[in-house]
Amino acid sequence: YFLCTAQGSGQAVALRVTADRCAFYNCRFLGWQDTLYLHYGKQYLRDCYIEGSVDFIFGNSTALLEHCHIHCKSEGFITAQSRKSSHETTGYLFLRCVITGNGKSSYVYLGRPWGPFGRVVFAYTYMDQCIRQVGWDNWGKSENERSACFYEYRCFGPGCCPQKRVTWARELIDEEADEFLAHSFIDPDVERPWLAQRMGVKIPYFPATEAEKLIKGLVTDPCALVGTPLTGGSIGCEHFDVSYIVITGIGGTSPLIPPRILPSHCTGSSPSLIYGGRIVGLCVSRWREPKVRLVVGRCNRGVVQLSVLNRRTMVLGKVEAGLDSDGEIGEEDGQRKDLPEHGGLNTKEKFKASQLKKRVLSGLAVGIAAGSVVLAGGWVFTTAVSAAVFIGAREYFELVRSHGIAAGMTPPPRYVSQFCSIFCALMPILTLYYGHIDVPASFATFGVAIALLLQRENPRFAQLSSAMFGLFYCGFLPCFWVKLRCNLAVPSLNTGISRVWPILLGGQTHWTVGLVASLISISSVIAADTFAFLGGKAFGRTPLINISPKKTWEGAVVGFIGCIATATILSKILGWPQSLLSLVAFGCLIFFGSLFGDLTESMIKRDAGVKDSGSLIPGHGGVLDRADSYIFTGALAYSFVKVFLPLFGV
């Protein structure tokens, strides 16, 4: 082990690692401030115990800490990573680790950026209540919030609070997490790897009788369990493999177990863990009543799902343990697998079912509301478009300020973003009132340019380009839907439903070319998205584009057919347009506008490093996530009707 006993004397390093391609197994790093200095190179730590208080894992190396126990002794910060440029590949990755504290709540941060581009990832990690809800600190420098890369992925425990984390740190999505869930993070050379490609130990089983005693709290001498091998057995009707055990509520603060009994990486006063299928320690805390928690994992197809058994079964979280079918822990080159269900609880299926139900219900609600607004037209339609544009513009400028985009450019100041969002919302109203917005839009863009040039900080072209594109993308383009629905007031003479339409709702004159074209356009976009999704699920093999890996050529073809078919059916029902060739051309424009609108927003989100632009619509994300396919289609549909259809298709 590596020990530094200095306390309260500032920096006191127990170990400094400057060597490249260096690995530590079953080691202890004991200290207070700056315990482990991972200074340079690539390091791999496995089954290690690291304790400290302030910045006790710090430096600018590329390090993977796997199956490690991180113990926070007092107030402070776990990490202080000092990456100095976005071009550096350094960073710390904590994979399947356990973070514990001294029994108190919310007194330690996950980390802070020692360098402006500090990068730290916690994946599949258990976080005790010692972790502050905000999670991360900016080291007193607000500019670090634009560049620091602090991520979490599928962590769990009382200290894991994704919804309460600072806004400039975020949760990774599955596609982004792939690069961090493999040994290639520190060992990228496949042909000449420096890490052993397969490391494993046998996992014996825990006797059912001992497990039942632990659950019922009947063990009178917990110390006797230390060092007990875990042998075969079952709990109830399900077969489990024990992953680790935490026993709290023994009372007192002195070590219960002589350190000589414990393995080298655990002390008697620290929470207990099982590495390699053996109880190695007990947690000492000041609970009034003893509490026993048996954390178990059910092995299925080489993957373990952790759960807590505390008199009754409840799911704590999910951790991929990488178990082979023969009971060995193997790395499988970092490949992830889908997590299984736990003991008949069907957790994953229930979650998917609830998400699907949420998506369907919210989709129906939005669809009915949108249909009513389109039928109403006029100020009702324009006001709804204006509200959606305002929210979408806010989401766009938040994406521009996110890590992925802001790391490579300077975003516009917030007051400029707020002005652009407000003016975008006014554009549809001005379009309805004046019929065009060329003059107001010109003055607005001129004002934005002046504001950017006169700001206190040095102006950047990236600020101007992102602001101008925001005005065009979020404000100018959606105005064509107002032009299409409200300004094309020519009656659709061949629409049969108009003859029986109630007088109180506008009568026959209510059914204009604008209304019919809007209904066909919106329905065709919905059909294109739906059929493309279903076709991709059923037949998708060939990726369409790198921006959106889940989209396939097969899905695009099915979406195109569905779009044309929907437009044709609605054209026959509504009697517009009269020419079949015009209808096919109109359907093609709608499809390609929908497809490239979707891909454009995917490109923005990909650069921003987020899955959704917002969370306004349950199960669907933000307004931009739902409206991306409509942004270009309104302009294309209006231009086609005005320019290419004689007599507006009547």
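Sequence order sets the numbering: in each chain, residues are counted from 1 along the sequence as written. The predicted nature of this model means local features are confined to residues of pLDDT at least 70 and side-chain atom pairs, given and counted, to a pLDDT of 80 or more, with totals for whole chains, interfaces and linings taken over all residues. The side-chain numbers reported here are obtained from all heavy atoms of the structure, hydrogens and water having been left aside.

A. Representation of the overall build of the protein chain. When its secondary structure is counted, the protein chain shows 15 helices and 20 strands. For the protein chain, the proportion of its 650 residues judged to be buried stands at 52%. Working rule for contacts: check all heavy atoms of both residues, and any pair within 4.5 Å makes them a contact. In the protein chain, the share of contacts with a sequence separation of at least 24, taken over all contacts with a separation of at least 6, comes to 65%. Using a 1.4 Å probe, the Shrake-Rupley method yields the accessible areas, and only the shown protein chains count as cover for residues. Of the roughly 30,100 Å² of accessible surface on the protein chain, a fraction of 60% belongs to carbon and sulfur atoms. Secondary structure is summarised from DSSP: a helix means a run of H or I of at least four residues, a strand means a run of E of at least two, and numbering begins at the N terminus for each. In this scheme, a residue with accessible area under 20% of its type's maximum is buried, one over 50% is exposed, and one in between is partly exposed, where area comes from a 1.4 Å probe on protein chains only.

B. Geometry of the packing of aromatic side chains. Two aromatic rings, drawn from Phe, Tyr or Trp (for Trp, its six-membered ring), form a pair once their centres lie within 6.5 Å of each other, and the interplanar angle then sorts them: stacked below 30 degrees, edge-to-face above 60, tilted otherwise. If you walk through the whole model with that rule in mind, you get 34 aromatic pairs. With a centroid separation of 4.9 Å and 80 degrees between ring planes, the pair formed by Y396 and F397 is classed as edge-to-face. A residue is classified by how much of its surface remains accessible, and Y396, at 4% relative accessible area, is buried. With relative accessibility at 3%, the residue F397 sits in the buried group. Taken together, a centroid distance of 5.2 Å and an interplanar angle of 15 degrees make the contact between F469 and Y473 stacked. Within this pair, F469 and its partner Y473 are both found in helix α9 (residues 461-476), separated by 4 residues, close to a single helical turn. Judged by its relative accessible area of 30%, F469 is partly exposed. Charges are assigned to positions over rings by a cutoff of 6 Å between ring centre and Lys NZ or Arg CZ, combined with an angular limit of 35 degrees from the ring normal. Here the guanidinium or amino end of K73 rests over the ring plane of W32, the centre of that ring lying 3.6 Å away.

C. The arrangement of the pairing of strand β15 (residues 149-153) in detail. The element β15 is largely enclosed, with a buried count of 5 among its 5 residues. The alternating pattern of β15 places C149, Y151 and Y153 and F150 and E152 on opposite faces, both of which are buried. Pairing between two strands requires that DSSP report at least two bridges joining them. As judged from the 5 bridges shared by strand β13 (residues 119-123) and β15, these two strands associate in the parallel manner. Each residue of the ladder has a partner; that of A123, found in β15, is Y153. Of the strand pairs in this sheet, β15 and strand β16 (residues 170-171) are connected by 2 bridges, and their pairing is parallel. Within the sheet, the bridge partner assigned to E152 lies in β16 and is E171.

D. Spotlight on the pairing of strand β6 (residues 42-46). Counting buried residues in β6 gives 4 out of 5 residues, a clear majority hidden from the surface. In the sheet, strand β3 (residues 22-25) pairs with β6 via 4 bridges, with the strands oriented parallel. Bridged to A23 within β6 is Y44.

E. Region of interest: a nonpolar patch on the surface. For patch detection, residues must exceed 30% relative accessible area and be free of salt bridges, and they are connected within 9 Å for like charges or within 5 Å for nonpolar side chains (Val, Leu, Ile, Met, Phe, Trp, Tyr). For salt bridges, the criterion is a side-chain nitrogen of Lys or Arg within 4 Å of an Asp or Glu carboxyl oxygen. On the surface, W379, I422, L426, I429, Y433 and Y434 cluster together to form a nonpolar patch covering roughly 680 Å² of accessible area. With 5 residues, helix α7 (residues 414-434) is the largest single contributor of residues to the nonpolar patch. Looking at the secondary structure, you find L426 in helix α7. A relative accessible area of 41% places L426 in the partly exposed class.

F. Broad picture of the nonpolar core. Residues belong to a common nonpolar core when they are buried Ala, Val, Leu, Ile, Met, Phe, Trp, Tyr or Cys residues joined through side-chain atoms within 4.5 Å. Core analysis: the biggest nonpolar cluster contains 64 residues, and I520, W576 and F586 have the highest contact counts within it. Setting aside chain neighbours within four positions, we find F586 in contact with A517, I520, S521, W576, A637, F640 and V641. Grouped together as the second largest cluster of nonpolar side chains are 39 residues, I70, V108, A148 and C155 included.

G. Fine view of the packing of helix α11 (residues 513-539) against helix α13 (residues 580-608). Where α11 contacts α13, the two axes come as close as 9 Å, and the packing angle between them is 55 degrees. In this view, α11 runs oblique relative to α13, as classed from their interaxial angle. In terms of crossing hand, the pair formed by α11 and α13 is right-handed. Listed contacts from α13 to A517, I520, S521, S524, V525, A528 and D529 of α11 are F586, I590, F591 and S594. For helices, the fitted axis covers only the stretch in contact; all axes are lines through C-alpha atoms, and the angles between them, taken along N-to-C directions, range from 0 to 180 degrees. Comment on the angle field: the value is read as roughly parallel under 35 degrees, roughly antiparallel over 145, roughly perpendicular from 65 to 115, and oblique elsewhere. In this scheme the handedness of a crossing depends on how the near helix is turned from the far one: anticlockwise by less than a right angle means left-handed, clockwise means right-handed.

H. Inspection of the state of the cysteines at higher detail. A pair of cysteine sulfur atoms is labelled a disulfide when the two atoms are within 2.5 Å. For the coordinates displayed, the defined rule picks out 0 disulfides. The thiol sulfur of C48 is not disulfide-bonded, and the nearest other cysteine sulfur, from C68, lies at 4.7 Å. Residue C48 is classed as buried on the basis of its relative accessible area of 0%. Between C161, a cysteine without a disulfide, and C160, which holds the nearest cysteine sulfur, the sulfur-to-sulfur distance is 6.7 Å.

I. Quick look at the packing of helix α5 (residues 378-400) against helix α10 (residues 479-487). At a closest axis distance of 10 Å, the pairing of α5 and α10 adopts a crossing angle of 170 degrees. Viewed along their axes, α5 and α10 adopt a mutual orientation that is roughly antiparallel. Along the contact surface, α5 presents G378, F381, T382 and V385, while α10 presents W481, V482, R485 and C486. Think of it as three bins: nonpolar holds Ala, Val, Leu, Ile, Met, Phe, Trp, Tyr, Cys and Pro, charged holds Asp, Glu, Lys and Arg, and polar takes everything else, Gly as well. Split by residue class, the contact of α5 with α10 holds 5 nonpolar, 2 polar and 1 charged.

J. Molecular detail of the pattern of salt bridges. Tallying each qualifying case throughout the model produces 13 salt bridges. Note that R154 and D174 form a salt bridge whose closest N and O atoms lie 3.4 Å from each other. Of the two residues, R154 sits in the loop between β15 and β16 while D174 sits in helix α2 (residues 174-177), which places them 20 residues apart along the sequence. Owing to a relative accessible area of 34%, D174 belongs among the partly exposed residues under this scheme. One salt bridge connects E175 with K550, and the closest N-O pair in it is separated by 3.5 Å. Here K550 lies in the loop between α11 and α12 (553-574) and E175 lies in helix α2, a separation of 375 residues in the sequence. Note on E175: relative accessible area 41%, which makes it partly exposed. Salt bridges here are not isolated pairs; linked through shared partners, they connect R46, D47, E66 and R96.

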